[in-house]
Amino acid sequence: MTAKRPSRIVARSIRCVLLTALVLLGTDNIVLAESTSIFDTASYNSEKISEIFMLVLAITGLIFVLVIAAIAVFVVRFRARRSETEDEPEPPQIYGSWPIEIAWTIAPLLIIFVLFLVVVRSVNEQRPTQAPGDAVQVRVIGNQWWWSFEYPELGFTTANELHVPLDESADPSSVFMQLESADVAHSFWVPRLAGKTDLIPNRINTMWFTPNATGVYYGQCAEYCGTQHSKMLLRVIVETPSEFAAWVENEKKPAVNDPAVADGRALFLEHSCASCHTIRGTNARGTFGPDLTHLMSRQTIGAGAAENNHDNLITWITNPHVFKTGCYMPEMKLTAENVKTIVSYLESLR
């Protein structure tokens, strides 16, 4: 049985403390908290961030131990005895020592200077302004309360679930993102893949990350953006290059035109659904809501508000506020039969 690295033991201990705090505070999303641990890194970028965190933790931990040890020594060694207090109620007054004062001034300055250099180097490395030539480029737009992911070089747009390829090269440059906001300030944060980057109205920010393990990685808008901020979840799906290529090939296709659900397609286009949503290959070209061209390829609806299945789609169209109070998706006031017909059409969009 191999021994665990000290850094990993420390990381797991901190994670247990944080999760315990979440339980005591009454959080209802412990699974999400566990799956977004900054200590369980899955990219080149998160590894660098974790290394800086452990460096800061080691330095501050050492200072904490030294201070507590000094206090303990002074309390025990220089505590007042009864005989001493009777003869001399006030201890001798000793005023400043230049060597000591210079030492405890220079030492913190040196520590701050070292941390400053480390952080600046990491920030400059992870905040490029231009995409490397071989990077997958994604335009990310934050909306109240969902995410739009546009792949400009690949020619399609999707929503709420970002697909990226596993990086198998020696040069870490696989995903480059241009971050924008359609309304208020948001913040893109997937802890296991990269640090936070804000999405600011009328401003373009950039970030990149290089995933080194396949899987589904969860994130969250990290800037309060309104009533449903907590339900503006992120899913980043890291796939092998072949799986990503197959996904891209499917996403490039227009929506399926199945004659069996022609009635639902007609109802969708007749109502205001087509004014808010895009379905490529149809007259629906709205941009206010998510692109639905391949809706059923996604795991959730409403940016993680509910699982993407038949019953939840019916509820979402009938009354979306059941899942997301205050969202801008209106109640369509359709008959139950019409809702089922539209859902049948939506379920063909794979």
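Just above sits the structure.
If you're wondering where the values come from, they're calculated on a predicted model, not measured in any experiment.

Criteria and cut-off values
Residues numbered from 1 in each chain as written. Predicted model: local features only at pLDDT ≥ 70, side-chain atom pairs only at ≥ 80, totals over all residues. Heavy atoms only, no water. Pairing = 2+ DSSP bridges. Helix = DSSP H or I, 4+ residues; strand = E, 2+ residues; numbered from the N terminus. Axes fitted to C-alpha atoms, helices over the stretch in contact; angles between N-to-C directions. Buried < 20%, exposed > 50% of the residue type's maximum accessible area, 1.4 Å probe, protein only. Parallel < 35°, antiparallel > 145°, perpendicular 65-115°, else oblique. Contact = heavy atoms within 4.5 Å. Nonpolar A, V, L, I, M, F, W, Y, C, P; charged D, E, K, R; others polar. Salt bridge = Lys/Arg side-chain N within 4 Å of Asp/Glu carboxyl O. Phe/Tyr/Trp six-rings, centres within 6.5 Å; stacked < 30°, edge-to-face > 60°.

Taken in spatial order, the five strands of this open sheet run 4-10-9-6-7, and their pairing is mixed. Since the sheet does not close on itself, it has two edges, and those belong to strand 4 (161–165) and strand 7 (197–199), each with one partner. The average undirected angle you get between the axes of adjacent strands in this sheet is 25°. With five bridges joining them, strand 4 and strand 10 (residues 233–239) adopt parallel strand pairing. Bridge assignment links Pro-165 to a residue of strand 10, and that residue is Glu-239.

Right, let's get into the pairing of strand 1 (residues 136–143). Burial of strand 1 is extensive: six of the eight residues sit out of reach of the surface. Note: strand 1 against strand 5 (residues 175–181), seven bridges, orientation parallel. When the sheet's bridge partners are listed, Arg-139 is paired in strand 5 with Gln-178. Both strand 1 and strand 2 (residues 146–151) contribute to a ladder of five bridges, which runs antiparallel. The partner of Arg-139 across the bridge, within strand 2, is Glu-150. Hairpin connection from strand 1 to strand 2: two residues lie between these consecutive antiparallel strands.

Interaxial distance between helix 7 (residues 262–270) and helix 10 (residues 336–346) falls to 7 Å at its minimum, and their mutual angle equals 105°. Classed by the angle they form, the pair helix 7 and helix 10 counts as roughly perpendicular. Contacts between helix 7 and helix 10 involve Asp-263, Gly-264, Arg-265, Leu-267 and Phe-268 from the first element and Asn-338, Thr-341, Ile-342, Tyr-345 and Leu-346 from the second. A per-class count over the contact of helix 7 with helix 10 returns five nonpolar, three polar and two charged.

Once that is clear, we can look at the pattern of salt bridges. Across all of its chains, the model carries four salt bridges by this definition. Between Asp-40 and Arg-192 there is a salt bridge, with the nearest N and O atoms lying 3.3 Å from each other. One end of the pair, Asp-40, is in the loop between helix 2 (30–35) and helix 3 (44–77); the other, Arg-192, is in the loop between strand 6 (186–189) and strand 7, with 152 residues separating them in the sequence. Residue classification places Asp-40 among the partly exposed residues on the basis of a relative accessible area of 34%. Residue Glu-180 pairs with Arg-139 through a salt bridge whose shortest N-O separation is 2.8 Å. Taken together, the positions of Glu-180 in strand 5 and Arg-139 in strand 1 put the pair 41 residues apart, joining distant regions of the chain. Linked through salt bridges whose partners overlap, the residues forming this network are Arg-139, Glu-150 and Glu-180.

Moving on: the environment of Glu-331. Relative to the elements of secondary structure, Glu-331 occurs in the loop between helix 9 (310–318) and helix 10. Setting aside residues no more than four positions away along its own chain, Glu-331 makes contact with Thr-318, Asn-319, Pro-320 and His-321.

The next subject is the packing of aromatic side chains. Overall, the coordinates contain eleven aromatic pairs when judged by the stated rule. Pairing Tyr-151 with Trp-247 gives two aromatic rings, centres 5.5 Å apart and planes at 65°, and the pair type is edge-to-face. With Tyr-151 in strand 2 and Trp-247 in helix 6 (residues 241–252), this residue pair connects regions lying 96 residues apart in the sequence. Taking the relative accessible area as the measure of exposure, Tyr-151 reaches 1% and is therefore buried. On the basis of relative accessible area, Trp-247 is assigned to the buried category, the value being 9%.

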